[in-house]
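# Chain and residue survey
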Amino acid sequence: MDIPRIFNITESAHRIHNPFTPEKLATLGAALRLESGARVLDLGSGSGEMLCTWARDHGIIGTGIDMSKLFTEQAKLRAKELGVADKVEFIHGDAAGYVSDEKVSVAACVGATWIGGGVAGTIELLAKSLRTGGIILIGEPYWRQLPPTEDVARGCHASSISDFLMLPELLAFFSRIGYDVVEMVLADQDGWDRYEAAKWLTMRRWLEANAGDELANEVRAELTSGPERYAAYTREYLGWGVFALMPR
Ligand code: SAH
């Protein structure tokens, strides 16, 4: 079981697989006023940077589930590196339908809401693991500017304009399904650069080492067209944030 190999190639050097910088991740951890010993569940935990740094900085106890074997291995190494291997556990597997045995203070899905079939479904799934008074975290894109055409939306790797909402509408959506938005930390364009531009050097080096690979043509095409496409579309039109929610 694994995610499509292309992501394990282009994001192999990423610690954070979203447009948050380490500073934003730290800002979010502080904003949540985490208590030492609090349990955090992370569906689609990637390379584990959120749980590992929050375990180091706030003493949380974390469980992460991720379908990428590579990212999960990297998460375990990171836990050792930060000296928190006794506080965080990383499971390689499909997080769809995952409910924790013990209720958690924070239940998160940061940049992987397809796991629950969309934002609403993922919130419903996370709520099953949440203790009373706990916080749900959703990391999700929104439109900074509404794309004028469907082509522009596709330029942002969306399948259509309707994939995402504008920020006020996204906040209204959370409210409509019965949640208070109690905090939020938003990415900025520098953060998008760290996420997207970091792929380019990774791809270039991978191509040099893997010229005959079956994905070499795809990676070459992405490296050739990706930077311009990113600057024209994603960087201008797409926002991204993590929203902290409590059931009303
Ligand atoms: N939350 C992490 C990773 C976000 S990228 C971070 O912010 O760094 C999306 C992640 O979802 C990837 O790590 C990918 O491997 C994982 N993923 C995709 N489908 C999944 C599934 N069905 N179950 C668990 N993880 C999944």
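Cut-off values and rules
Residues numbered from 1 in each chain as written. Predicted model: local features only at pLDDT ≥ 70, side-chain atom pairs only at ≥ 80, totals over all residues. Heavy atoms only, no water. Helix = DSSP H or I, 4+ residues; strand = E, 2+ residues; numbered from the N terminus. Buried < 20%, exposed > 50% of the residue type's maximum accessible area, 1.4 Å probe, protein only. Contact = heavy atoms within 4.5 Å. Areas by Shrake-Rupley, 256 points an atom, 1.4 Å probe, with all protein chains shown as cover. Lys, Arg positive; Asp, Glu negative; His and termini not counted. Charge placed at Lys NZ, Arg CZ, Asp CG, Glu CD. Expected span 1.5 Å × (residues − 1). Bend = angle between axes of the 7 residues up to and from the residue. Polar contact = N/O pair within 3.5 Å; in protein donor to acceptor, adjacent residues only side chain to side chain. UniProt positions renumbered as here; feature names shortened; annotations may be inferred. 1 Å grid on protein atoms, 1.4 Å probe; cavity = no way out; pocket = protein on both sides within 12 Å on 5 of 7 lines; lining within 4 Å. Points joined across faces, edges and corners; volume = space filled by probe spheres on them. Nonpolar A, V, L, I, M, F, W, Y, C, P; charged D, E, K, R; others polar. Salt bridge = Lys/Arg side-chain N within 4 Å of Asp/Glu carboxyl O. Near = heavy atom within 4 Å.

## Some words on the overall build of the protein chain
Looking only at helices and strands, the protein chain has 10 helices and 7 strands in total. If you line up the protein chain on its principal axes, its C-alpha atoms span 50 × 40 × 30 Å. Burial statistics for the protein chain: of 248 residues in total, 50% are counted as buried. For the protein chain, contacts bridging at least 24 residues in sequence account for 75% of all contacts bridging at least 6. Summed over its atoms, the accessible surface of the protein chain is roughly 11,900 Å², and 52% of this surface lies on carbon and sulfur atoms. Across the protein chain, the mean location of the 25 positive side-chain charges is 3 Å away from that of the 34 negative side-chain charges.

## A few points about helix α8 (residues 189-209)
An ideal rise of 1.5 Å per residue puts 30 Å on 21 residues; α8 measures up with 30 Å between its terminal C-alpha atoms. Helix geometry: α8 is bent most strongly at Y195, by close to 25°. Of all the residues in α8, the buried ones are G191, W192, D193, Y195, E196, A197, K199, T202, M203, W206 and L207. Here the buried face of α8 lies against α1 (5-10), α9 (216-232), α10 (234-237) and β7 (238-247). Capping of α8 at its N-terminal end is provided by D188; its side-chain oxygen lies 3.2 Å from the backbone amide nitrogen of D190.

## Regarding the environment of R154
Summarising the element assignment, R154 is placed in helix α6 (residues 150-155). On the basis of relative accessibility, which here comes to 42%, the residue R154 falls in the partly exposed class. With 84 residues separating them along the chain, R154 and L238 place their C-alpha atoms 11 Å apart. Not counting residues within four places of it along the chain, the set of residues in contact with R154 comprises S159 and R229.

## What to know about the UniProt feature "domain: Methyltransferase" (unreviewed entry) in the protein chain
The UniProt feature table records "domain: Methyltransferase" (unreviewed entry) at residues 35-150. Annotated as 28% helix and 32% strand, the span residues 35-150 places its first and last C-alpha atoms 44 Å apart.

## Things to note about the layout of surface pockets
What the second largest pocket holds in volume is close to 350 Å³. Surrounding the second largest pocket, 20 residues form its lining, R15, I16, F20, T21 and P22 being those nearest its centre. The set of elements that each furnish at least two residues to the lining of the second largest pocket consists of α2 (22-31), α3 (49-58) and α8. Split by residue class, the lining of the second largest pocket holds 9 nonpolar, 5 polar and 6 charged.

## A few points about the pattern of salt bridges
Here the idea is simple: oppositely charged side chains can pair when their charged atoms come close. Inspection of the entire model under this criterion finds 13 salt bridges. Measuring nitrogen to oxygen at the nearest pair gives 2.7 Å for the salt bridge that ties E49 to R78. Of this pair, E49 sits in helix α3 while R78 sits in helix α4 (residues 69-81); the two residues are 29 residues apart in sequence, bridging distant segments of the chain. Here E49 falls in the buried class, since its relative accessible area comes to 8%. A salt bridge links D57 to R56, with the nearest nitrogen and oxygen atoms 2.7 Å apart. According to the relative accessible area criterion, R56 is partly exposed, its value standing at 45%. Because the salt bridges share partners, they merge into one network encompassing R15, E49, R78 and E81.

## A closer look at the site of the ligand
In the region of the ligand, 19 residues are neighbours, and H17, N18, G44, D66 and A95 sit closest. A distance of 2.8 Å separates an oxygen atom of the ligand from a polar atom in the backbone of H17. M67 has a polar backbone atom sitting 3.1 Å from a nitrogen atom of the ligand. About the coverage of the ligand: the protein hides 90% of its 570 Å² of free accessible area.

## Description of the side chain of T113
Among the secondary structure elements, T113 is positioned in the loop between β4 (104-110) and α5 (119-127). Contacts of T113, omitting those with residues within four sequence positions, involve G118, V119, T122, I138, G139 and E140.

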